[in-house]
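Here are the chains, one letter per residue:
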Amino acid sequence: MPGSTLLSLTLLAVSSVVRADYFSTDPLADKVVPYASIPYQVMTDKDDPRGFQSGYNICNSTTENQDSKCQTMFVNHIDDFCLWAPATPNSTIADTEGDEVAWCSKKGHGTRIIPAGAITSIQLIQTPSYIQIAGTLNQAYLNIGGVDGGELDSGGQDGEGNPMGGLVYTNAFAASNGDNGTYIQAQHWSFFIGNNAFCGKICDQSKPNPQGLCNNVYDRLGCEYNAPANVAPGTFEACKGDDMLPVGVYVGTDGQTSTYHQPAETVAIDYNNLPYTPTPAPTSSCVPYQSSVIFADGAAVTPAAGNDVSGAGASAAPTASGSGSVPAGAATGGAKTTGGAGAKTTGSAAASGSGAKPSTTGTGGAAAFGVSVGAVLLGFISVLAAL
Ligand SMILES: *[C@@H]1O[C@H](CO)[C@@H](O)[C@H](O)[C@H]1NC(C)=O
Ligand SMILES: *[C@@H]1O[C@H](CO)[C@@H](O)[C@H](O)[C@H]1NC(C)=O
Ligand SMILES: *[C@@H]1O[C@H](CO)[C@@H](O)[C@H](O)[C@H]1NC(C)=O
């Protein structure tokens, strides 16, 4: 596993979010949905003020195109995984979190296909209790515009999930017994995407603490805290790994195990003085892959018109320019790939190492804070408190 710790975080607090005083009586994370009995739409509540599921869960060859509204996704293997991203070009996660659709690396799931060149690095870690992915991307290839990023998870402010009605499966949990055709539902999952970085974790419900390991209440702490990883620029690898501590739990310098509680959204977080900095859990048996192999199905797919992809190709795929350490330039370059203002904010904040750097985005009165935590690469984010 070359490179050093590359995660930094950029945090985004959205002050204008109006949270409905509503919580589902039949929350998504409680629904047990065997793969063989997926309904057209898994959401059942019709009275949610936030609206209703915008896509569908039955996905097949007729829904497999770049307009797909499939909201059933998979994290199977490094060459067979999906991300949640917007259905329409140049959208922010904050504006579309309830409506994201599945974008997959491979054909066969009835979804949109991730265009080749979108993902610029990835590390997949399979642990006893979950599968984690983390990496960098040209987010404009997946219809993501602006500076906003956010958390997508099986909770959501009203229990319906983000996207509402999103379902996640894998053939890589122990219960599949190595049979790629046996899909197991992950009831607890969380993904973060934005600032040209992504991460996600899907938890095995049959293991001791799926809710804690895939906790979705740390939405303001981004990838570094929710899915700690070592992702080297320009690399694509799959590893085994140990379980991390549940999100928010840490062993302090005093040797005591403590839990950090993210404050209410109205309360500022002093990112320079968080009580701990996560250390990625040990990994082993890492196997490198070629992106051209992973994204072979995406070779024929081009990003949709209406996205700011022009600058992306040129500075894409931050290369590990010849050194073991992560040059600040790599972080900056990676962050600049969309050409979006927010991405640059992340890059400069990360590169400067000077702590929080507030800037204001155009949407929703959100304030983005670039924070340097050690070396850098995955600028990150979060948005809406997802209880
Ligand atoms: C394919 O998926 C669509 C959308 O969910 C659904 O309406 C259709 O019935 C499915 N077709 C088959 C043959 O299952
Ligand atoms: C199962 O999927 C993995 C990952 O995509 C692949 O490497 C493996 O060959 C597949 N196994 C079979 C039996 O097809
Ligand atoms: C994307 O959206 C931003 C903000 O609305 C806008 O300034 C920009 O021109 C859009 N880009 C494209 C390619 O439409």
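Numbering of residues starts from 1 in each chain and follows the order in which that chain's sequence is written. Here the convention is simple: chains get letters from A, ligands get numbers from 1, in the order in which they are written. Reporting in this predicted model follows two pLDDT cut-offs: at least 70 for local features of residues, and 80 or more for side-chain atom pairs to be given and counted; totals over whole chains, interfaces and linings ignore these cut-offs and use all residues.

**Let's talk about the sheet that holds strand β5 (residues 112-113)**
Defined as follows: Each pair of strands is called paired provided DSSP finds at least two bridges between the two strands. Starting at the N terminus, helices and strands are each numbered in turn, a helix being any DSSP run of H or I of at least four residues and a strand any DSSP run of E of at least two.
With mixed pairing, six strands are arranged side by side in an open sheet as β5-β4-β3-β2-β9-β10. Each of the sheet's edge strands pairs with one partner strand only, and the pair in question is β5 and β10 (184-185). When strand β4 (residues 101-104) meets β5, the two strands line up parallel, connected through two bridges. Counted as the bridge partner of cysteine 104 is isoleucine 113 from β5.

**Quick look at the site of ligand 2**
Defined as follows: Only the C-beta atom matters for nearness: placed from the backbone, it must lie within 6 Å of the molecule or strand for the residue to count as near. As a working rule, the residues Ala, Val, Leu, Ile, Met, Phe, Trp, Tyr, Cys and Pro are called nonpolar, Asp, Glu, Lys and Arg charged, and the rest polar, with Gly in that last group.
Residues in close proximity to ligand 2 include His77, Asp79, Asp80 and Asn180, which together make up its full environment. Looking at the shell around ligand 2 residue by residue, the class counts come to no nonpolar, two polar and two charged.

**What about the environment of glycine 165?**
Test applied: By the convention adopted here, residues make contact when the C-beta atoms placed from their backbones lie within 7 Å.
Positionally, glycine 165 belongs in the loop between β8 (150-153) and β9 (167-170). Between the C-alpha atoms of glycine 165 and phenylalanine 52, which are 113 residues apart in sequence, the distance is 8.5 Å. Residues contacting glycine 165, with those up to four places away along its chain left out, are Gln41, Val42, Met43, Gln53, Asn57, Gln71 and Glu160.

**A look at the pairing of strand β7 (residues 130-137)**
Counted only if it meets this: Exposure is read from a count of other C-beta atoms within 10 Å of each residue's own; the residue is exposed at 12 or fewer, buried at 20 or more and partly exposed in between. C-beta atoms are placed from the backbone.
Buried residues dominate β7, accounting for eight of its eight residues. Because side chains alternate across β7, one face comprises the buried residues Tyr130, Gln132, Ala134 and Thr136, and the other comprises Ile131, Ile133, Gly135 and Leu137, equally buried. Pairing between strand β6 (residues 119-126) and β7: seven bridges, direction antiparallel. What sits directly across from glutamine 126, in β7, is isoleucine 131.

**Let's talk about the site of ligand 3**
The local shell around ligand 3 consists of Asn90, Gly145, Gly146, Gly306, Asn307 and Asp308. A per-class count over the shell around ligand 3 returns no nonpolar, five polar and one charged.

**Points about the sheet that holds strand β16 (residues 283-288)**
The cut-off we apply is this: To define axes, lines are fitted to C-alpha atoms, for helices over the stretch in contact only, and angles between the resulting N-to-C directions are given on a 0 to 180 degree scale.
Spatially, β8-β11-β12-β7-β6-β13-β16 is the arrangement adopted by the seven strands of the open sheet, whose pairing is mixed. Of all strands in the sheet, those bounded by a partner on one side alone are β8 and β16. Pairwise comparison of adjacent strand axes, ignoring direction, gives a mean angle of 15° for this sheet. The pairing of β8 with strand β11 (residues 188-194) spans four bridges and is antiparallel. In the sheet register, aspartate 153 faces β11, and the bridge partner there is serine 190.

**Quick look at the environment of proline 263**
Relative to the elements of secondary structure, proline 263 occurs in the loop between β15 (257-259) and β16. Between the alpha carbons of proline 263 and valine 217 there is a distance of 9.9 Å; along the sequence they are 46 residues apart.

**Topic: the nonpolar core**
The following threshold applies: A set of buried residues qualifies as a nonpolar core if it consists of Ala, Val, Leu, Ile, Met, Phe, Trp, Tyr and Cys joined through C-beta atoms within 7 Å.
Cys82, Leu83, Leu142, Ile193 and Ile202 are the most contacted members of the largest nonpolar core, which totals 70 residues. Look past the residues within four positions of leucine 142 in its chain and what remains in contact with it is Leu83, Ala85, Trp103, Ile114, Ala118 and Leu137.

**So, unusual backbone geometry**
Of note, the amide linkage connecting asparagine 162 to proline 163 takes the cis form, showing an omega dihedral of 0°. Along the polypeptide, proline 163 turns up in the loop between β8 and β9. Phi angles above zero are rare outside glycine, and asparagine 143 is one such case at about 70°. Take asparagine 143: it is sitting in the loop between β7 and β8. The phi dihedral of asparagine 177 falls on the positive side, at around 55°, and the residue is not glycine. Within the secondary structure, asparagine 177 sits in the loop between β9 and β10.

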